[in-house]
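Observations on chain architecture
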Amino acid sequence: MGDLFLVRHGETEWSRSGRHTGRTDVPLTERGREEARRLVPLIRSHRIGAAFVSPLQRARETAELIGLHGLRVDADLREWDYGGYEGVTTVEIQRERPDWFLFTDGVAPGPPDHPGESPEQVGERADRVLAEVDAAHADTEGDVVLVAHGHFLRVLTARRLGLPPSAGALFQLATGTLCRLGTEHGRPVIAEWNVRPSS
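Being a predicted model, the structure only gives us computed values, none of them experimental.

Reading the values: rules and limits
Residues numbered from 1 in each chain as written. Predicted model: local features only at pLDDT ≥ 70, side-chain atom pairs only at ≥ 80, totals over all residues. Heavy atoms only, no water. Helix = DSSP H or I, 4+ residues; strand = E, 2+ residues; numbered from the N terminus. Rg over C-alpha atoms; globule rule 2.2 N^0.38 Å. Contact = heavy atoms within 4.5 Å. Areas by Shrake-Rupley, 256 points an atom, 1.4 Å probe, with all protein chains shown as cover. Pairing = 2+ DSSP bridges. Axes fitted to C-alpha atoms, helices over the stretch in contact; angles between N-to-C directions. Phe/Tyr/Trp six-rings, centres within 6.5 Å; stacked < 30°, edge-to-face > 60°. Lys NZ or Arg CZ within 6 Å of the ring centre and 35° of its normal. Buried < 20%, exposed > 50% of the residue type's maximum accessible area, 1.4 Å probe, protein only. Arc of directions from axis to C-beta.

Some words on the overall build of the protein
- Within the protein, the secondary structure is distributed over eight helices and six strands.
- Its C-alpha atoms give the protein a radius of gyration of 16 Å, within 12% of the compact-globule value 16 Å for 199 residues.
- C-alpha extents for the protein along the principal axes are approximately 50 × 35 × 30 Å.
- Excluding contacts between residues fewer than 6 apart, the proportion of contacts in the protein whose partners are at least 24 apart in sequence is 67%.
- A total accessible area of about 9,300 Å² is found for the protein, and carbon and sulfur atoms account for 48% of it.

What to know about the sheet that holds strand S3 (residues 72-73)
- Spatially, the six strands line up as an open sheet ordered S3-S2-S4-S1-S5-S6, and their pairing is mixed. In this open sheet, the two strands that pair with only one neighbour each are S3 and strand S6 (187-195).
- Relative to the sheet, helix H7 (residues 119-139) contacts strand S1 (4-8), strand S2 (48-53) and strand S4 (143-148), its axis offset from that of S4 by approximately 150 degrees.
- Most of the contacts of helix H8 (residues 150-160) go to S1, to which it runs at about 160 degrees, and overall it touches S1, S4, strand S5 (178-184) and S6.

Things to note about the packing of aromatic side chains
- Under the counting rule described, the total for this entry stands at four aromatic pairs.
- Both rings, one in Tyr85 and one in Trp100, keep their centres 5.3 Å apart while their planes meet at 80 degrees; by these two values the pair is edge-to-face. On the criterion of sequence distance, the pair formed by Tyr85 in the loop between S3 and helix H5 (90-96) and Trp100 in the loop between H5 and helix H6 (102-105) is long-range, its members being 15 residues apart.
- Ring plane angle 55 degrees and centroid distance 5.7 Å describe the contact between Phe171 and Trp193, whose orientation is recorded as tilted. Of the two residues, Phe171 sits in the loop between H8 and S5 while Trp193 sits in strand S6, which places them 22 residues apart along the sequence.
- Taking NZ or CZ as reference, Arg19 lies 3.8 Å from the ring centre of Trp14, over its face.

Examining helix H2 (residues 30-37)
- Taken together, the buried positions of H2 are occupied by Gly32, Glu35 and Ala36. End-on, the buried residues of H2 take up no more than an arc of 100 degrees, which puts them together on one face.
- Those residues of H2 that are buried are in contact with helix H3 (40-44) and helix H4 (57-65).

Regarding the pairing of S6
- Looking at chain direction, S5 and S6 are connected through six bridges and run antiparallel. Within S6, the residue paired with Leu178 across the bridge is Val195.
- Hairpin connection of S5 to S6: two residues between the antiparallel strands, including His185 at a positive phi of 55 degrees.

As for unusual backbone geometry
- In this model, His185 sits at a positive phi of 55 degrees, which is unusual for a non-glycine residue.
- Along the polypeptide, His185 turns up in the loop between S5 and S6.
- Judged by relative accessible area, which is 78%, His185 ranks as exposed.
- Located in the positive-phi region is Asn194, a residue other than glycine, with phi close to 55 degrees.
- Along the chain, Asn194 turns up in strand S6.

Note that all results are geometric; they support no functional claim without further evidence.
So, in structure tokens, the structure goes:
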């Protein structure tokens, strides 16, 4: 079985300011585009058998800029639905809820079109994506790449390692970085994390 590469999209105005960006379809900044372009050599050094991308433009543009082809758009790769906390920073939330923590407390309810998700609901989506990854590994030679979003990929990493969704809190993930999940003695491991090419 090949490795699983995770790419967090490049910087956006909202990621730069710390605003929770779930369903809001904000574009990359120019710096975000450059972060994506810098990943090209890292991706080209591997044989990619399948690539999946979130439907949101910041992820799709990142995937295109790093040169991925034959992309499969997967709605389950969307970012966490932040519900009533969409567009709000952690600092702002903690003014009203000082002990609030996304990975254990989830979010405040939002409008009907994005009501919000619990950590467990995000974990269920991550499990569905991982089932698709395993099927892709079985159907093709090479590695699998997912291009998506920070909090979702952190939960997915926890689930790949057999941990609860809340353990995604342990894996800080910067914009425009590459991570590699592999195996050791048949068990899933983190092989590389938050990798950027050297300047």
